[in-house]
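Here is how the chains run, residue by residue.
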Amino acid sequence: MSLKRRKFLLFGITLGGIGVAGLAHQGLSKNHLPQQSFKVETSEFLSANQEGILEPLPKKDVRIVVISDLNSQYGATTYEPQVDKAIAMIPGWEPDLVLCGGDMIAGQKRSLSKGQITAMWAAFDEHISAPLRQVGIPFGFTIGNHDGSGAIVKGEQVFAGERELASKYWNSHDPGLNFGDRGNFPFYYSFQQKGIFYLVWDASNYLISSQQLAWVEKTLQSKEAQQAKMRIAIGHMPLYPVAIGRNKVGEYLADGDKLRSLLERYNVHTYISGHHHAYYPGKRGKLELLHTGALGSGPRQLINSKIPPRNTITIVDIDLDSASTRYTTYDMKTLAVINIHSLPRLIVWDKNWVLRRDIQVENLTQSEKESIN
Ligand SMILES: [Fe+2]
């Protein structure tokens with residue numbers, strides 16, 4: 001089957017009954033859907049024009065599809081429909097890599113049995129990992145608090161059993177990555193692809209150990225990291241809070257400024273995180289901060305925004321020579337493309353703040369400047 005034909009079928013599976021005319025009203029620009037398809041219903045559209053597939057702008061040097069927070073309720077072995085829909089759509093976008101910000105299963109509960117956790121990883125494999133593996137798309141990921149929390153109480157790993165099962169799953173299912181250091185895989189590790197160096201740290205808990213930070217520094221200093229055209233870091237918790245209900249200590253990394261300066265020192269371009277379930281393309285200092293939305297259950301509202309919670313998926317297209325990134329983020333239920341200008345220019349909480357990535361500090365209004373000082 002040709003790729004175009006495959007994409008065409010995938011679109012049919014995933015869009016279901018959503019009319020294309022409806023999509024046009026939900027914010028899709030003509031760059032994303034050819035003009036001639038705006039007036040037709042899905043079925044006619046599918047049979048009439050396979051080039052009418054909902055697509056982001058053309059690929060650049062590297063395309064990454066970023067997903068995060070896929071899980072449903074504790075113990076679930078099913079995923080919400082938009083998760084399956086997204087996985088079915090991903091091959092049509094022809095990414096070089098899928099990156100997942102964690103919370104792939106729904107653990108972090110001590111009453112869950114070993115059998116239940118194992119069944120959740122099997123369900124993850126069936127719904128997410130295997131379909132991507134079968135079409136040869138590598139899967140980079142970071143462990144979330146629900147996959148194998150690194151929380152430590154009185155010197156003991158609280159979820160050691162869950163971490164063991166996460167490790168067992170990932171060490172028996174090849175994610176297709178070109179590993180650098182995988183000594184602590186799947187918790188912290190590095191890999192490279194198409195000129196980009198990826199550093200994955202274990203931010204499944206709000207504290208990152210000094211031992212791990214020493215590894216981060218050593219890894220980012222390495223020739224492989226520094227000679228790459230770009231460096232991207234990924235971890236489950238963000239450096240700063242962006243979502244309502246996640247804006248309390250323990251729900252974002254401690255010492256965000258210190259961690260940011262570590263990443264900046266070694267020229268990391270972007271830190272990708274999950275956990276807050278609210279899409280926010282941010283920036284602070286020299287570091288871009290891609291806060292991913294939840295693909296699975298429990299999307300959240302951004303601080304300083306009235307936009308209702310929504311499930312999202314983000315396509316990152318990268319131009320290596322200019323070291324620039326372009327995001328195309330879809331509301332996964334309506335397939336509308338999210339306009340960055342609809343998002344808050346600035347998110348401030350307590351002493352933390354993050355800028356929307358197209359805003360410069362010097363362009364802030366006087367009152368915005370006062371809010372971050
Ligand atoms: Fe989480």
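Residues numbered from 1 in each chain as written. Predicted model: local features only at pLDDT ≥ 70, side-chain atom pairs only at ≥ 80, totals over all residues.

Asks: What should I look at first to understand the overall build of the chain in this one?
Replies: Helix and strand content of the chain: 11 helices and 15 strands. Sequence-distant contacts, at least 24 apart, represent 67% of the contacts inside the chain between residues at least 6 apart. (Helix = DSSP H or I, 4+ residues; strand = E, 2+ residues; numbered from the N terminus. Contact = placed C-beta atoms within 7 Å.)

Asks: How should I be thinking about the confidence of the model for the chain in this particular structure?
Replies: In low-pLDDT regions, the fine details of the predicted coordinates are not to be read closely. Averaged over the chain, the pLDDT score is 88; the fraction of residues at 70 or greater is 86%. Contacts from residues 1-53, a stretch scored under 50 in pLDDT, to residues over four places away or in other chains number 69 contacts. (pLDDT = per-residue confidence, 0-100.)

Asks: I keep staring at the sheet that holds strand β3 (residues 139-141) and nothing clicks. Help me out?
Replies: In spatial order, the strands read β3-β2-β1-β12-β13; together these five strands make up an open sheet with mixed pairing. Each of the sheet's edge strands pairs with one partner strand only, and the pair in question is β3 and β13 (324-331). Strand-to-strand twist of the sheet, defined as the mean angle between neighbouring strand axes without regard to direction, takes the value 25°. Across the sheet, helix α4 (residues 81-93) touches β1 (62-67), β2 (97-100) and β12 (312-319), and the angle it forms with β1 is around 175°. (Pairing = 2+ DSSP bridges. Axes fitted to C-alpha atoms, helices over the stretch in contact; angles between N-to-C directions.)

Asks: When you look at the nonpolar core in this model, what are you seeing that I'm missing?
Replies: For soluble globular proteins, nonpolar side chains are generally found buried alongside one another. Counting residues in each nonpolar core, the largest one holds 91 residues, and the members touching the most others are Val-65, Ile-67, Ala-86, Val-98 and Val-242. Not counting residues up to four positions away in its chain, the partners in contact with Ile-67 are Ala-86, Val-98, Cys-100, Leu-295 and Ile-313. (Core = buried A, V, L, I, M, F, W, Y, C linked by C-beta atoms within 7 Å. Buried ≥ 20, exposed ≤ 12 C-beta atoms within 10 Å, placed from the backbone.)

Asks: When you look at the environment of Gln-301 in this model, what are you seeing that I'm missing?
Replies: Inspection of the secondary structure puts Gln-301 in the loop between β11 (287-291) and β12. For the pair formed by Gln-301 and Tyr-279, sequence separation is 22 residues and the distance between their alpha carbons is 9.0 Å. Setting aside chain neighbours within four positions, we find Gln-301 in contact with Ala-243, Ile-244, Ala-278, Pro-308 and Pro-309.

Asks: I keep staring at α4 and nothing clicks. Help me out?
Replies: For α4, built from 13 residues, the straight-helix expectation of 18 Å at 1.5 Å per residue is met to within 8% by its first-to-last C-alpha distance of 19 Å. Within α4, burial applies to Gln-82, Val-83, Lys-85, Ala-86, Ile-87, Met-89, Ile-90, Pro-91 and Trp-93. Positive phi appears at Glu-94, one or two residues downstream of α4, with a value of about 50°. (Expected span 1.5 Å × (residues − 1).)

Asks: Would you take a moment to explain helix α7 (residues 160-170) for this structure?
Replies: An α-helix turns once per 3.6 residues; consequently, residues spaced three or four apart project the same way. Three or more residues of α7 are buried, namely Glu-162, Arg-163, Leu-165, Ala-166, Tyr-169 and Trp-170. The buried residues of α7 occupy an angular sector of 165° when projected down its axis, which confines them to one face. At its buried positions, α7 is contacted by α5 (114-134), α6 (145-148) and β5 (156-157). (Arc of directions from axis to C-beta.)

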